[in-house]
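Topology and contacts: notes
Spelled out, the chains give:
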Amino acid sequence: MSPRREIIVPAVHAPDTASSFGQAVSTVVRGGDFLFVRGLTAIDPQSGERVRGTTASETRQILTHLKQLLEAAGSSLEKVVKVNVWLHSMLEAPNMNEVYARFFSDPPPARTVCGARLPDGVKVIIECTALA
Amino acid sequence: MRDVIAAPATGLDLRQHYGHHQSPAIRAGGLIFCSGMLPVDPQTGERRHGTLTSEAQVIFGNLKLLLESAGSSLDRLVQVHALIYDSIEYDVLNRVYRQYVANGPPARTVWAAQIEAGFKVELDVIAAA
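Below is a short write-up of the structure. (Residues numbered from 1 in each chain as written. Chains lettered and ligands numbered in written order. Predicted model: local features only at pLDDT ≥ 70, side-chain atom pairs only at ≥ 80, totals over all residues.)

Describing the overall build of chain B
Scanning chain B from terminus to terminus reveals 3 helices and 6 strands. Going residue by residue from the N terminus, the α and β elements of chain B occur as β-α-β-β-α-β-α-β-β. Since a compact globule built from 129 residues should have a radius of gyration of about 14 Å, the 14 Å found for chain B is in line with a globular shape. Taking the principal axes of its C-alpha atoms as reference, chain B extends roughly 40 × 35 × 20 Å. The buried share among the 129 residues of chain B stands at 40%. (Helix = DSSP H or I, 4+ residues; strand = E, 2+ residues; numbered from the N terminus. Rg over C-alpha atoms; globule rule 2.2 N^0.38 Å. Buried ≥ 20, exposed ≤ 12 C-beta atoms within 10 Å, placed from the backbone.)

What to know about the sheet that holds strand 6 (residues 124–131) of chain A
Residue and element names in this part refer to chain A. Pairing in this open sheet of 6 strands is mixed, and the strands run 1-2-3-6-4-5 from one edge to the other. Looking at which strands have only one partner, the edges of the open sheet turn out to be strand 1 (5–8) and strand 5 (110–115). Each strand of the sheet is rotated relative to its neighbour by a mean of 15 degrees, with strand direction disregarded. Across the sheet, helix 2 (residues 55–72) touches strand 2 (28–31), strand 3 (34–40), strand 4 (80–87) and strand 6, and the angle it forms with strand 6 is around 25 degrees. (Pairing = 2+ DSSP bridges. Axes fitted to C-alpha atoms, helices over the stretch in contact; angles between N-to-C directions. Contact = placed C-beta atoms within 7 Å.)

Re the interface of chain A and chain B
Contact with chain A, which involves 24 residues of that partner, is made by 22 residues of chain B. Breaking the side of chain A that touches chain B down by element, the ones donating at least two residues are strand 4, helix 3 (93–103), strand 5 and strand 6 of chain A.

Let's talk about the sheet that holds strand 2 (residues 25–28) of chain B
Two modes of strand pairing occur in sheets, parallel and antiparallel, and in both the strands are linked by backbone hydrogen bonds. All names here are of chain B. As summarised here, the arrangement of the 6 strands in space is 1-2-3-6-4-5, forming an open sheet in which the pairing is mixed. This sheet does not close on itself; its edge strands, each paired only once, are strand 1 (2–5) and strand 5 (107–112). Taken pair by pair, the neighbouring strands of this sheet meet at an average axis angle of 15 degrees, ignoring direction. Alignment of strand 1 against strand 2, held across 4 bridges, turns out to be antiparallel.

Digging into the environment of glycine 39 of chain A
All names here are of chain A. Position of glycine 39 among the secondary structure elements: in strand 3. Separated by 22 residues in sequence, glycine 39 and glutamine 61 place their C-alpha atoms 13 Å apart. With near-sequence residues (within four places) excluded, glycine 39 lies in contact with Ile125, Ile126 and Glu127.

Examining the nonpolar core
Residues Leu66 and Ile126 of chain A together with Ala25, Ile32, Phe33 and Val125 of chain B are the most contacted members of the largest nonpolar core, which totals 65 residues. The element best represented in this core is helix 2 (residues 52–69) of chain B, accounting for 7 residues. Among residues more than four places away in sequence, those in contact with alanine 25 of chain B are Ala110 of chain A together with Ile5, Ile32, Phe33, Cys34, Ser35, Leu66 and Ala70 of chain B. (Core = buried A, V, L, I, M, F, W, Y, C linked by C-beta atoms within 7 Å.)

Digging into helix 2 of chain A
Residue and element names in this part refer to chain A. Taking 1.5 Å of rise per residue, 18 residues should cover 26 Å, and helix 2 covers 26 Å from first to last C-alpha, within 8% of that figure. Along helix 2, the positions that sit buried rather than exposed are Thr55, Glu58, Thr59, Arg60, Gln61, Ile62, Leu63, His65, Leu66, Leu69 and Leu70. Of the surrounding secondary structure, the elements contacted by the buried residues of helix 2 are strand 2, strand 3, strand 4, helix 3 and strand 6. Immediately downstream of helix 2, the backbone of glycine 74 shows phi near 85 degrees, a positive value. (Expected span 1.5 Å × (residues − 1).)

These figures capture arrangement, not role.
Following this line, the structure appears as structure tokens:
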């Protein structure tokens, strides 16, 4: 029987990126049939350092990282069911969408995109739920 | 297993009309995850800007179509994220919202956000399949 709740420690990046920023956050948590991935910002998965860029480049960085996280946990981008995207401005939605479309093959997951004030100068946050 | 729920009316295919790289909804693990629901005409896909109340009415109509086409319904909503353009309209949202989830309403969170195309409300929902 699968565990009802399990914290999956990503092997692909530096010791613990979340706690290195002083946040009480797990990156990937399994619950039931699903993997829940925290809202990701653009970081270098090796060093855990913030990577600042454009909406397009941050989206690319985040989704590359997300792909690694899911695959390390035995899932994949093809098994994602829902994605939530927060942007610093909805005027940037087409720039995000264009990069996003290169990562998710057909048929893509369900998705919601909105604009919000994001912390620390971040331009994009992407959160997802995938089948384990 | 992950099933795509196709748009139940041509207007609700936001990928076709607006290029959004998303499926209308995905069924997985006994749940239906819907893409953010917007006030578009279910036949033509045209944007139906209006008051928060009128936009919410269009959205609930679209959501009902989508969920029922997937064998679910508004009575089977589990969680709702209601995005509104300004928290000053919170009471207005509540007034229209309760008409559609009269019995055993789902868990819900409301927040103010920028919604695409200047819409006043968007619903992001999960329903039981």
